[in-house]
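# Chains, contacts and geometry: an overview
Spelled out, the chains give:
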Amino acid sequence: MDLWFTENHSDSVRFSIRVDKQLYSEQIEYQRIDVFQSLEFGRLLALDGYVMITQKDEFIYHDMIVHVPMAVKKDIKNVLVIGAGDGGTVRELCRYSTIEHIDLVEIDKKVVEVCEEYFPEMTVSMHDPRLDIHFTDGLRFVRRKQGEYDLIIVDSTDPFGPGEGLFTMEFYGNCYKALKEHGVLVNQHESPFYVNDAKAMCRAHERIKSVFPVCAVYQAHIPTYASGHWLFGFASKGLDPIKDLDEQHWNSLGIKTRYYNTELHKGCFALPSYVKEMLETGEVLDVRR
Ligand code: AG3
C-alpha cells in the first residue's frame, strides 16, 4: 500500500511524505488536526493540512525560536508564549532556571491534548509549576497586558485561519505595550521563497518595523516547511540581537542543543541578498506565468 501525506507548498508545488498510518484526525471548531506516523520524519502533526511539527526536525524550529532571544537577554523572568500548544517552545524555555513564569496562550485546547498523547517528548514541560496555560485567543489576551513580559514568543500558524490576528498591526502594538522596557518579541516569520509566503513575510516585517525600533530577521533550515527555508523575526525596544549576545554567559549555562549554538547565532542574521532586498522594498519577485 502506498500512503502519502501531501501539503501544497504553493498552488503548483507539492511536498509529500510517505506515511505508515494515520494516528488521529479530527475537524474541530478552529481547525482540522491530523497526526501521522511517517517513515522518514517520525510522527507528524498537521493543522489544516500544514505540517506544524515532525519528530525529526522540530528541534530546529524550537531551538531557534527560544535560544536566540534567551542568549541575547540573560535576565528573562516572565515570558508570554502565543500558540505552541504542542509544547516544544515551553520545553526549551523550561530549561532555563532563571525563568520564573510562563503564560502560554493557545486557542485550541485539543492541540494540547492530542500532543500530550502522541508527542510525549514535546510535552514534557507542560506540567511545569512555572507554566500557566490559557485557552483563549492570543490577540485578546495580550490586549489587556501592560509592561509585564521580558519576552514574547509568537509561535503561530500561518496568517490565515486562527493565526490571522497574530500578524496584525493591532497585535504587534499590543505586544509592544505588554513588554517591559528591555523586552523582546520573537515570531515565526514565514518563508521567503514561494510568492504567497514571501508576501506574508514582507507584510509582517513592515508592520513589526512600524512598531519596534529594533527589528531583525533570522533564518533556519526546516526541511518540512515550504521550501525548507524559514524565517524568524526578532524585535525589541533597544536590545540588538548580535551586539547584545553574551556568548560566554550562554555557553556557561551548559544547555545542550542540537541546532543552536552561539556561532550560528551570529550567522543566522546574515540573510541572502534577495531576502534582504524583499524585506527592504516589500517587493516580491514573481516569475510565475
Ligand atoms: N508553528 C508553525 C510554523 C509555521 C508553519 N507553517 C507552514 N508549515 N506553512 C509550529 C509550531 C511549533 N511549535
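So, here's what we can say about the structure. (Residues numbered from 1 in each chain as written. Predicted model: local features only at pLDDT ≥ 70, side-chain atom pairs only at ≥ 80, totals over all residues. Heavy atoms only, no water.)

## Digging into the environment of Arg 95
Mapped onto the fold, Arg 95 is located in the loop between α2 (88-93) and β7 (101-105). When the C-alpha atoms of Arg 95 and Lys 256 are compared, they prove to be 9.8 Å apart, with 161 residues separating the residues in sequence. Ignoring any residue separated from it by four or fewer positions in sequence, one finds Arg 95 in contact with His 67, Ile 255, Lys 256 and Thr 257. A polar contact is formed between the side chain of Arg 95 and the side chain of Glu 92, at a distance of 2.9 Å. (Helix = DSSP H or I, 4+ residues; strand = E, 2+ residues; numbered from the N terminus. Contact = heavy atoms within 4.5 Å. Polar contact = N/O pair within 3.5 Å; in protein donor to acceptor, adjacent residues only side chain to side chain.)

## Section: the environment of Gly 233
Here Gly 233 lies in strand β12 (residues 229-236). Taking the relative accessible area as the measure of exposure, Gly 233 reaches 3% and is therefore buried. For Gly 233, the residues in contact, after removing those within four places along its chain, are Leu 185, Val 186, Asn 187, His 189, Ala 216 and Tyr 218. (Buried < 20%, exposed > 50% of the residue type's maximum accessible area, 1.4 Å probe, protein only.)

## A short note on the nonpolar core
Counting residues in hydrophobic clusters, the biggest one holds 54 residues, and the most contacted among them are Met 64, Leu 93, Leu 151 and Tyr 218. The dominant element in this core, judged by the number of residues it contributes, is helix α1 (residues 58-72), at ten residues. When sequence neighbours within four positions are dropped, the list of residues in contact with Leu 93 reads Val 66, Met 70, Val 79, Val 81, Ile 99, Ile 102, Leu 151 and Ile 153. Membership of the second largest hydrophobic core comes to 21 residues, among which are Ile 82, Cys 175, Ala 178 and Phe 212. (Core = buried A, V, L, I, M, F, W, Y, C linked by side-chain atoms within 4.5 Å.)

## With respect to helix α9 (residues 273-281)
Buried within α9 we find Val 275, Met 278 and Leu 279. Buried positions in α9, seen along its axis, are confined to an arc of 95 degrees and lie on one side of it. Exposed positions of α9 whose direction lies more than 90 degrees from the buried face are Ser 273, Glu 277 and Glu 280. Next to the buried residues of α9 lie α6 (195-211), β11 (214-221) and β12. Where α9 ends, the next residue or the one after it, Gly 282, has phi of about 75 degrees, a positive value. (Arc of directions from axis to C-beta.)

## Overview of the sheet that holds strand β6 (residues 78-83)
The seven strands lie next to each other as β8-β7-β6-β9-β10-β12-β11, forming an open sheet whose pairing is mixed. Edge strands, defined here as strands with exactly one partner in the open sheet, are β8 (131-134) and β11. Neighbour-to-neighbour, the strand axes of this sheet turn through a mean angle of 15 degrees, independent of strand direction. Note: strand β9 (residues 149-155) against strand β10 (residues 179-188), five bridges, orientation parallel. (Pairing = 2+ DSSP bridges. Axes fitted to C-alpha atoms, helices over the stretch in contact; angles between N-to-C directions.)

## Some thoughts on the packing of helix α5 (residues 169-178) against α6
Across the interface, α5 lies against α6 with an axial gap of 9 Å and an inter-helix angle of 40 degrees. Like other packed secondary-structure pairs, α5 and α6 cross with a definite hand, here right-handed. Contacts from Met 169, Tyr 172, Gly 173 and Tyr 176 in α5 reach Ala 204, Arg 207, Ile 208, Ser 210 and Val 211 in α6. A breakdown of the residues in the contact of α5 with α6 according to their chemical character gives six nonpolar, two polar and one charged. (Left-handed = near helix turned anticlockwise from the far one by under 90°. Nonpolar A, V, L, I, M, F, W, Y, C, P; charged D, E, K, R; others polar.)

## Overview of the side chain of Asn 78
Among the structural elements, Asn 78 can be located in strand β6. If sequence neighbours within four positions are ignored, Asn 78 has contacts with His 101, Glu 148, Tyr 149, Asp 150 and Leu 151.

## With respect to the site of the ligand
Around the ligand, 13 residues are found, and the nearest of them are Val 51, His 62, Asp 86, Asp 155 and Asp 158. Between the ligand and the protein, one listed contact pairs a nitrogen atom with a backbone N or O atom of Val 51 at 3.0 Å. Here the ligand has 400 Å² of accessible area as a free molecule, and 97% of this is covered by the chains. With respect to the detected pockets, the ligand is housed in the largest pocket. It is strand β5 (residues 50-54) that provides the largest number of residues to the shell around the ligand, a total of four residues. Its residues assigned to classes, the shell around the ligand shows seven nonpolar, three polar and three charged. (Near = heavy atom within 4 Å. Areas by Shrake-Rupley, 256 points an atom, 1.4 Å probe, with all protein chains shown as cover. 1 Å grid on protein atoms, 1.4 Å probe; cavity = no way out; pocket = protein on both sides within 12 Å on 5 of 7 lines; lining within 4 Å. Sits in = over half its atoms within 2 Å of the grid points.)

## Considerations on the pattern of salt bridges
Oppositely charged side chains can pair when the atoms bearing their charge come close. For the structure on display, the rule yields 16 salt bridges. Here Glu 26 ties to Lys 110 by a salt bridge, and the two come within 3.8 Å at their closest N and O atoms. With Glu 26 in strand β2 (residues 13-27) and Lys 110 in helix α3 (residues 109-118), this residue pair connects regions lying 84 residues apart in the sequence. (Salt bridge = Lys/Arg side-chain N within 4 Å of Asp/Glu carboxyl O.)

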